[in-house]
Amino acid sequence: MLPAFLKSSTSPADQAQREGKSPYSGTLGPNRAAVDFTNAFVSKLRDNPDYNNFYTGSNFTQDTANLAQQKIDTFAQSFAPAFANPADNPFANDFLAKYTQGVERGLISEEDRVGPDKLSILVSQPATLGSSQKSPNTVSRFPGEGGIQVG
């Protein structure tokens, strides 16, 4: 039980905390238990239109994750814009040219510059890239009876 630092606070949550109980109202998580709106805090959630669908709309499938990764991989390869609407590309090229001039003139520092090379840490890589093995085909393969043959 925590000491009461502010004795004048009389909200139900503060009272529960002073009594050593949990002030949790059953409103968090995908399996939340709060269905009635008798609690003043919970009753305010009625006004939030996304309250009932918050957790169901927050999950995404593996296909969505793969498409997002593919998008990052594509953007890391090219500096040129590729919008779905081709009419947007000239505006993007104009912005890109002015942005590049701003970097060259020193208005934007090189370390703050945004570009495809900055996405290198997010790009898909072979699982063995950080290991000492040079070939992904030899990972987890150990020498047999013949040992390691050099040369």
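Before reading on, note that the structure itself is shown above.
Residues numbered from 1 in each chain as written. Predicted model: local features only at pLDDT ≥ 70, side-chain atom pairs only at ≥ 80, totals over all residues. Heavy atoms only, no water.

Novice: I'm lost on the side chain of N89 in this one. Help?
Specialist: Tracing the chain through its elements places N89 in helix α4 (residues 89-105). Under the relative-accessibility criterion, N89 is labelled buried at 17%. Of note is the side chain of N89, whose polar atom sits 2.9 Å from the backbone nitrogen of F83. With residues near it in sequence (within four places) discarded, N89 still touches P81, A82 and F83. (Helix = DSSP H or I, 4+ residues; strand = E, 2+ residues; numbered from the N terminus. Buried < 20%, exposed > 50% of the residue type's maximum accessible area, 1.4 Å probe, protein only. Polar contact = N/O pair within 3.5 Å; in protein donor to acceptor, adjacent residues only side chain to side chain. Contact = heavy atoms within 4.5 Å.)

Novice: Just to check I follow, could you spell out the layout of surface pockets for this structure?
Specialist: Over the atoms a probe the size of a water molecule is rolled, and this reveals where empty space is left. Roughly 450 Å³ of volume is contained in the largest pocket. Lining the largest pocket are 16 residues, and of these F75, S78, F79, A80 and P81 sit closest to its centre. For the lining of the largest pocket, the secondary-structure elements that each account for two or more residues are α3 (62-75) and α4. Partitioned by chemical class, the residues of the lining of the largest pocket number 13 nonpolar, three polar and no charged. (1 Å grid on protein atoms, 1.4 Å probe; cavity = no way out; pocket = protein on both sides within 12 Å on 5 of 7 lines; lining within 4 Å. Points joined across faces, edges and corners; volume = space filled by probe spheres on them. Nonpolar A, V, L, I, M, F, W, Y, C, P; charged D, E, K, R; others polar.)

Novice: I keep staring at the pattern of salt bridges and nothing clicks. Help me out?
Specialist: A pair can form between side chains of opposite charge whenever their charged atoms are brought close. As enumerated under the stated definition, the model contains three salt bridges in all. In this structure, the salt-bridge partner of K98 is D94, at a minimum N-O distance of 3.3 Å. With K98 and D94 both in helix α4 and four residues apart, this pair spans about one turn of that helix. Owing to a relative accessible area of 52%, K98 belongs among the exposed residues under this scheme. By relative accessible area, D94 is classed as partly exposed at 39%. Residues R113 and E110 are paired through a salt bridge, measuring 2.7 Å at the closest nitrogen-oxygen approach. Given a relative accessible area of 47%, E110 falls into the partly exposed group. Salt bridges sharing common partners tie together E110, R113 and D117. (Salt bridge = Lys/Arg side-chain N within 4 Å of Asp/Glu carboxyl O.)

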